[in-house]
Amino acid sequence: MNKKYKNKMQLEILSKSNNEAFARITVAAFAAQLDPTIEEISDIKTAVSEAVTNSIIHGYENKEGVIKINAYIYDNTLRIEISDQGKGIEDIEIAKQPLYTTKPELERSGMGFTIMDNFMDSLKVESVLGMGTKVTMEKKIKDKNTKEEINQEENFYA
Amino acid sequence: MDYEIERHMPKKVIFDFNSVSFMDSAGIGLLLGRYKIVNMLGGEVALINVKKSVKKVLDMCGILKLIHIYDDFDMRFNVC
Ligand SMILES: Nc1ncnc2c1ncn2[C@@H]1O[C@H](COP(=O)(O)OP(=O)(O)O)[C@@H](O)[C@H]1O
Ligand SMILES: [Mg+2]
């Protein structure tokens, strides 16, 4: 999506696990202007949590690093980019498989990418070994006004 | 928690999710870890007071095939 965005936010956090909640809540607050449902907000929070947690535990392996979070609003769509300059992913297609994890000893479920994929409308993962990883996700927030209008029309004819 | 489970070898471990308002795959990993231990000892794991958004994540990860959610009714009438 190269169209001009209507709004933008940028956030940089250190890869500390207690910054994860801060990141997800901040993105959710930014998304609020699209008037999402509680379910849509919860989907967004979960997806952000997965990507940020991955940067912390896989990208930087709990060493200190910077995670960048950019979010944009285009019409009714929220776009979120989360990137780290950590170790990178060797094979992205394998990493995205459900249940695949390189850290089973940490009780990882290997469901992070599956959750991002399901809870958002699109998911793109770019990564270079030794350079870092960037996850881009988009979600269209359904327009409640349109829904209301439809309801009103239904009422009109009822 | 694991120590308590191993010491008592319970038939049923019920987690009250009343104060759990956010779930991600890290939580799934944690639950699965407890499930494995309890299951190995012949017991069962169940959840109560699960919020809708939390349930959506559990459901998506297929965990509800292993761990059941009991509602108020089941608890009150001891059917679980
Ligand atoms: N930001 C990242 N940097 C490096 N490796 C990553 C990153 N994100 C994901 N991975 C790799 O992809 C795998 C799958 O990720 P995910 O689906 O979230 O499962 P989990 O986090 O439970 O391992 C991880 O185990 C890891 O090897
Ligand atoms: Mg993960």
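Let us look at the structure shown here.

A closer look at the environment of Lys52 of chain B
Position of Lys52 of chain B relative to the elements: it lies in helix H3 (residues 52–60). Lys52 of chain B sits 31 residues away from Ser21 of chain B along the chain, and the two C-alpha atoms are 9.1 Å apart.

Brief notes about the pairing of strand E4 (residues 122–128) of chain A
Residue and element names in this part refer to chain A. Across the two faces of E4 the burial differs, with Leu123, Val125 and Ser127 buried and Ser122, Lys124, Glu126 and Val128 not buried at all. Here E4 pairs with strand E5 (residues 132–140) via seven bridges, running antiparallel. Pairing of Glu126 across the sheet is with Lys134, part of E5. Between the end of E4 and the start of E5, which pair antiparallel, lie three residues, with Gly130 showing a positive phi angle near 80°.

Observations regarding helix H2 (residues 25–40) of chain B
An α-helical segment advances 3.6 residues per turn. Residues three or four places apart therefore align on the same side. Its 16 residues place the ends of H2 of chain B 22 Å apart at the C-alpha level, agreeing with the 22 Å of an ideal helix rising 1.5 Å per residue. By the burial criterion, the buried members of H2 of chain B are Ser25, Gly27, Ile28, Gly29, Leu31, Gly33, Arg34, Tyr35, Ile37 and Val38 of chain B. Among the structural elements, helix H2 (38–59) and helix H4 (112–119) of chain A together with helix H1 (2–8), strand E1 (12–16), strand E2 (44–48) and H3 of chain B are those in contact with the buried residues of H2 of chain B. One or two residues past the end of H2 of chain B sits Gly42 of chain B, with phi positive at roughly 85°.

Reading guide: rules and limits
Residues numbered from 1 in each chain as written. Chains lettered and ligands numbered in written order. Predicted model: local features only at pLDDT ≥ 70, side-chain atom pairs only at ≥ 80, totals over all residues. Heavy atoms only, no water. Helix = DSSP H or I, 4+ residues; strand = E, 2+ residues; numbered from the N terminus. Buried < 20%, exposed > 50% of the residue type's maximum accessible area, 1.4 Å probe, protein only. Pairing = 2+ DSSP bridges. Expected span 1.5 Å × (residues − 1). Contact = heavy atoms within 4.5 Å.

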